[in-house]
Amino acid sequence: MHNYTKEDILRIVEEEDVAFIRLQFTDIFGTMKNMAVTVSQLEKALDNRCMFDASSLEGITGEEDSDMYLYPDLSTFEIFPWRPQQGKVARLICDVYRRDGSPYEGDPRHVLKRAIACAAEMGYVLKAGPECEFFLFHTDEDGIPTTVTHEKGGYFDVGPLDLGENARRDMVLTLEEMGFEILSSHHEIAPAQHEIDFRYDEALVTADHLMTFKMVVKTIAKRHGLHATFMPKPRIETYGSGMHVNLSLHRDGRNVFPDPEDENGLSREGYYFIGGLMKHMKAITCITNPTVNSYKRFVPGYEAPVYMGWSSKTRGPLIRVPSGRGENTRIELRSPDATANPYLALAVLLMAGLDGIRNQILPPACIDQNIQKMTQQQRDALHVEELPRTLKEAVEELEKDSFIQDVLGKELAEKIMRAHRKEYHDYCMQVTDWEISNYLYRL
C-alpha cells in the first residue's frame, strides 16, 4: 500500500496515461464489485462525491435509503499491469458511506475497521498472513469453466508435470507489479491445484490484498485459457482448497505471542487468544466457510480439520502453532477457505481472540496426536468437539453466538444467516448425480 495524496494520484494518472479508474468495493459475500469512471470524473471520486444505487446488491436489497457513496482509500491506488499501455486502467478500493456521511454498517470493510479500532483501544494490532490454494481447470469450447484437467502433478512438482507453471509464474509477476511481496508459489497436492503465499501485513491491508489476489489469479488464468477457482471442493476424489490464516498480535511494534520460557513458546496472551478462537469457532465457521461446498472439504483423510483441537507439534489440528518462535511466533487457523469474505473473516477472528484476552479464556489442553486417527471413544474422553459439518449447522451456531453477531452487527448478521439458510434450502431441493446413480436403477 502507498501513502498517496489526492495530488499524487492526479499526477500519476496524467503521467501514466490512465484513462479509466475502477472504484472497487466488496459485498457481504466477498464478491468484488466496481463502478468505473473516466479521468474526467476522477477528482469528483477523490472528493467522495461518487454516488451509486445499491438497491440490487446482495445484502443491501431492502434498504430504505439505497443511495450510497464510495469513499476511495488513496493508499490502494494501483494500475492494472495487464491492461493496455495506452489508456491504462487503475483501481481504488473504497469504503461505502451513507448520504449523511456516516459509514454504511453493512460494508464489510467497515466491520473490519471497527474491529481494528477495538483492538487499538486495547493497544493491539493484528497481523495476518493467508495461504491461498486454488485450482486451474480447462474451459470448454464456449469458454465455460469445467473441472477437467490433463495434469497429473502433485505436491511441489515442476514442469512438465506441473502444467500450470507458466500461468502461476505470470500471476506472481503481476502480483509483484501491484506491490505484493510474494513469499513462495508451488504446485499443491491435487492435480491442477496451486498455492501462492504473500507476506503477512496488518489486517486491513491483508484483506484488501486477498480481494486483489483473487482478481489477479482469475484474470491471469483466463489469459492462459484456464479457469481459476477458489471453490473449496470442486472434485470429490481429491484434496480440497483451503486458506490457512496465520495470525499474530502486536503491541508497540512487538509480537505479544512469544514466551521462550513456556513449553509451547506461547505467552498468556497467546493462550487466551487461542481460547477465544476455540470458544467462538463454531459460529466463526459460518463466516470463514460460507458456502454449501465449504463443508465438503471437512472430511477425514484430506488434511482439512474436522475436529476442534490445537497443537504446537502436529500439523493436522484446527489450530497449529508453527515452529517459528520469537517475533515469528504465530497462530495458524487451518479451517478457512478462500470463499470467505476476508474483511468479515478477519474481523470475527480478531474479536474472538480479543474476547479470549479480555476474559482470560484458556483453551483446552493441546493434543499432540492426530485427532482424526483417534477412536471416537478417545475423542470423547478428551472432550474434542467437531466443527459444523454443514452450512445449516454453521448458521445454527452463529444464531447461538450473540458475541459474533455483535461483531458483525445484528442487522448484517441476520442478512448473512438468512442468505445462508436460503442457500442450504435451495441445495437440499436439488436432485444430484449421486442420487440418480444410486437410486434410479433400483428403486
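In short, a report on the structure. (Residues numbered from 1 in each chain as written. Predicted model: local features only at pLDDT ≥ 70, side-chain atom pairs only at ≥ 80, totals over all residues. Heavy atoms only, no water.)

### What about helix α7 (residues 342–358)?
Thought 1: End to end, α7 covers 24 Å across 17 residues, agreeing with the expected 24 Å (1.5 Å per residue, within 8%).
Thought 2: With 16 of 17 residues buried, α7 is to be regarded as a mostly interior element.
Thought 3: Between a side-chain oxygen at the N-terminus of α7 and the backbone nitrogen of Y343 the separation is 3.0 Å; the capping residue is N341. (Helix = DSSP H or I, 4+ residues; strand = E, 2+ residues; numbered from the N terminus. Expected span 1.5 Å × (residues − 1). Buried < 20%, exposed > 50% of the residue type's maximum accessible area, 1.4 Å probe, protein only. Polar contact = N/O pair within 3.5 Å; in protein donor to acceptor, adjacent residues only side chain to side chain.)

### What about unusual backbone geometry?
Thought 1: Positive phi, normally seen in glycine, also occurs at E303, with a value near 75°.
Thought 2: Position of E303 among the secondary structure elements: in the loop between α6 (268–288) and β14 (307–308).
Thought 3: For Q360, which is not glycine, the phi torsion reads 50° and is therefore positive.
Thought 4: Structurally, Q360 is set in the loop between α7 and α8 (376–381).

### What to know about helix α1 (residues 6–15)
Thought 1: Listed in full, the buried residues belonging to α1 are I9, I12 and V13. The arc that holds every buried residue of α1, seen down its axis, measures 100°, which confines them to one face. Those residues of α1 that are exposed and angled more than 90 degrees off the buried face are E7, E14 and E15.
Thought 2: Each element contacted by the buried residues of α1 is listed here: β1 (18–26), α2 (42–46), β5 (78–79) and β6 (88–97).
Thought 3: Immediately downstream of α1, the backbone of D17 shows phi near 55°, a positive value. (Arc of directions from axis to C-beta. Contact = heavy atoms within 4.5 Å.)

### Concerning the pattern of salt bridges
Thought 1: Counted by the stated rule, this structure contains 31 salt bridges.
Thought 2: E181 serves as the salt-bridge partner of R199, at 3.7 Å between the closest nitrogen and oxygen. Of this pair, R199 sits in the loop between β9 (193–198) and β10 (201–202) while E181 is found in the loop between α4 (165–177) and β8 (182–187), placing the two residues 18 residues apart along the sequence.
Thought 3: The exposure class of R199 is partly exposed, given its relative accessible area of 36%.
Thought 4: We note a salt bridge from D426 to K422, for which the minimum N-O separation is 2.8 Å. (Salt bridge = Lys/Arg side-chain N within 4 Å of Asp/Glu carboxyl O.)

### Let's talk about the packing of helix α3 (residues 108–121) against α7
Thought 1: Axis separation between α3 and α7 bottoms out at 8 Å; the angle between their running directions is 25°. Considered as vectors, α3 and α7 are oriented roughly parallel to each other. For the pair α3 and α7, the crossing hand works out as left-handed. Every residue of α7 that contacts α3 at P108, R109, V111, L112, A115, I116, C118 and A119 is listed here: Y343, L344, L346, A347, L350, M351, L354 and R358.
Thought 2: Per-class residue counts for the contact of α3 with α7 are 14 nonpolar, no polar and two charged. (Axes fitted to C-alpha atoms, helices over the stretch in contact; angles between N-to-C directions. Parallel < 35°, antiparallel > 145°, perpendicular 65-115°, else oblique. Left-handed = near helix turned anticlockwise from the far one by under 90°. Nonpolar A, V, L, I, M, F, W, Y, C, P; charged D, E, K, R; others polar.)

### Overview of the side chain of H280
Thought 1: Considering the arrangement of structural elements, one finds H280 in helix α6.
Thought 2: Apart from residues no more than four positions distant in its own chain, H280 is found in contact with A352, D355, D401, F403 and I404.

### Overview of the packing of helix α9 (residues 391–400) against helix α11 (residues 410–428)
Thought 1: As a packed pair, α9 and α11 sit with axes 9 Å apart at the nearest point and diverge in direction by 155°. Here α9 is positioned roughly antiparallel relative to α11, judged by the angle of their axes. The handedness of the crossing between α9 and α11 comes out as left-handed. Across the interface between the two elements, L391, K392, V395, L398 and E399 of α9 pack against M417, H420, R421, E423 and Y424 of α11.
Thought 2: Taken together, the residues of the contact of α9 with α11 sort by class into five nonpolar, one polar and four charged.

### Brief notes about the nonpolar core
Thought 1: Residues F213 and L249 are the most contacted members of the largest nonpolar core, which totals 93 residues.
Thought 2: In contact with F213, not counting residues within four places along its chain, are C132, F134, L175, F180, I196, F198 and F230.
Thought 3: L46, F52, L57 and L70 belong to the second largest nonpolar core, which has 24 residues in total. (Core = buried A, V, L, I, M, F, W, Y, C linked by side-chain atoms within 4.5 Å.)

### Let's talk about the pairing of β6
Thought 1: β6 sits mainly inside the fold: 10 of its 10 residues count as buried.
Thought 2: Of the two faces of β6, both are covered, the one formed by K88, A90, L92, C94 and V96 as well as the one formed by V89, R91, I93, D95 and Y97.
Thought 3: By the bridge criterion, six bridges tie β1 to β6 in an arrangement that is parallel. Among the inter-strand pairings, R22 is bridged to a residue of β6, identified as R91.
Thought 4: Pairing of β5 with β6, which is carried by two bridges, proceeds in the antiparallel orientation. Within β6, the position partnered with E78 by the bridge is R91. (Pairing = 2+ DSSP bridges.)

### Focus: the environment of S40
Thought 1: If you trace the backbone, S40 turns up in the loop between β2 (32–38) and α2.
Thought 2: In sequence terms S40 and A19 are 21 residues apart; their C-alpha atoms lie 8.8 Å from each other.
Thought 3: At 2.9 Å, the side chain of S40 forms a polar contact with the side chain of T38.

Take it as geometry only, folks, not as evidence of what the structure does.
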